[in-house]
Number of protein chains: 2
Amino acid sequence: MLDKDCIFCKILRKEIPSEIVFEDEDLLGFKDANPQAPVHELFIPRIHIETINDVDREGAGLLGRLFVAAVERAKAVGLSEEGYRLVLNCGRGAGQTVFHIHLHLLGGRPLSWPPG
Amino acid sequence: MLDKDCIFCKILRKEIPSEIVFEDEDLLGFKDANPQAPVHELFIPRIHIETINDVDREGAGLLGRLFVAAVERAKAVGLSEEGYRLVLNCGRGAGQTVFHIHLHLLGGRPLSWPPG
């Protein structure tokens, strides 16, 4: 279920250190190594799925839980009132650099529009 | 389940016109009235939920289906290869202006980083 060369699979296997902020049976959350906001964390599934294109209706539950994990974390760090942005990139053209699905949680500063 | 004054509930009730791109029992997709990219569409649940803060683990399935609907639409308009970005704002500080959960699908142009 994990990929030998994927950097996020290496984080899941604890072969690469990360600042973990959330863990459950299916998901992991950790701080982005190149933060773009005071709070910038990534939430990933514990299985290697390259892009959101690979998620079908049967995978919707896992995807939903990924978002709820980020929401719970946003509340835990006190962002629920001031606000936060959740971003999921699909493909290089959208800025996806690691091909293991990851949801960005950004907050702690004003977030402008458009989102990139 | 709908709100009298919410503009997206009015779209759901077809009291306000919109360019609908996706419809199923639980969800509606339509073009953003202020597009920020060649493809800029919004996906909303057919029930009035103000922010993603109001979604708990029981609501994860609906949230997941919202994302899968946007993915299916991205594929249908030919964005799956070139890429696209999915964005969900929570709260005014993150740029949420309509308080009915809506997922942005953006694509058709390069998307810069950070996402706002």
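A brief report on the enclosed structure follows. Note on numbering: residues in each chain are counted from 1, in written sequence order. Going through the entries in the order they are written, you letter the chains from A and number the ligands from 1. Local features in this predicted model are restricted to residues of pLDDT 70 or higher, and side-chain atom pairs are both shown and tallied only at a pLDDT of 80 or more, whereas totals for entire chains, interfaces and linings draw on every residue. Derived side-chain values reflect all non-hydrogen atoms in the structure, with water molecules and hydrogen atoms excluded from consideration.

We now examine the nonpolar core. Counting residues in hydrophobic clusters, the biggest one holds 51 residues, and the most contacted among them are Leu-86 of chain A together with Leu-86 of chain B. To qualify as a helix, a DSSP run of H or I must reach at least 4 residues; to qualify as a strand, a run of E must reach at least 2; elements of each kind are numbered from the N terminus. In terms of residue count, helix α2 (residues 60-76) of chain B provides more of this core than any other element does, 10 residues in total. Here Leu-86 of chain B is in contact with Ile-52, Leu-86, Val-87 and Leu-88 of chain A together with Phe-67, Ala-70, Val-71, Leu-103, His-104 and Leu-105 of chain B, once residues within four sequence places are set aside. Throughout this description, the term nonpolar core refers to a set of buried Ala, Val, Leu, Ile, Met, Phe, Trp, Tyr and Cys residues connected via side-chain atoms within 4.5 Å. With a 1.4 Å probe rolled over the protein chains alone, any residue whose accessible area is under 20% of its type maximum counts as buried; one over 50% counts as exposed, and the rest are partly exposed. Contacts were defined at the residue level, with two residues in contact if any of their heavy atoms lie within 4.5 Å.

Here we take up the interface of chain A and chain B. Listed by partner, the interface residues are 40 residues for chain A and 40 residues for chain B. As a working definition, buried area equals the accessible area (1.4 Å probe) given up by two parts on being put together, with both sides summed. Together chain A and chain B conceal approximately 3,400 Å² of surface at their shared face, both sides included; 57% is due to carbon and sulfur atoms. Contact with chain B buries surface across chain A, with Asn-53, Trp-113 and Gly-116 of chain A losing the most and accounting together for 17% of the total. Definition used for salt bridges: Asp or Glu carboxyl oxygen within 4 Å of a side-chain nitrogen of Lys or Arg. Taken together, the connections running from chain A to chain B amount to two salt bridges. A salt bridge links Glu-72 of chain A to Arg-57 of chain B, with the nearest nitrogen and oxygen atoms 2.8 Å apart.

In a beta sheet, neighbouring strands pair by backbone hydrogen bonds and run either parallel or antiparallel. Paired strands, in this sense, are two strands between which DSSP finds at least two bridges. In space, the 10 strands of this open sheet follow the order β1(A)-β2(A)-β3(A)-β5(A)-β4(A)-β4(B)-β5(B)-β3(B)-β2(B)-β1(B), with antiparallel pairing throughout. Bordering the open sheet on either side are β1 (20-23) of chain A together with β1 (20-23) of chain B, each of which pairs with just one other strand. Looking at each pair of strands side by side, their axes are set apart by 20 degrees on average, direction ignored. Relative to strand β2 (residues 27-31) of chain A, β1 of chain A runs antiparallel, the two sharing three bridges. Following the sheet pairing, Glu-23 of chain A is matched in β2 of chain A by Leu-28 of chain A. To get an axis, a line is fitted to the C-alpha atoms, and for a helix only the part in contact is used. The angle between two axes follows their N-to-C directions and goes from 0 to 180 degrees.

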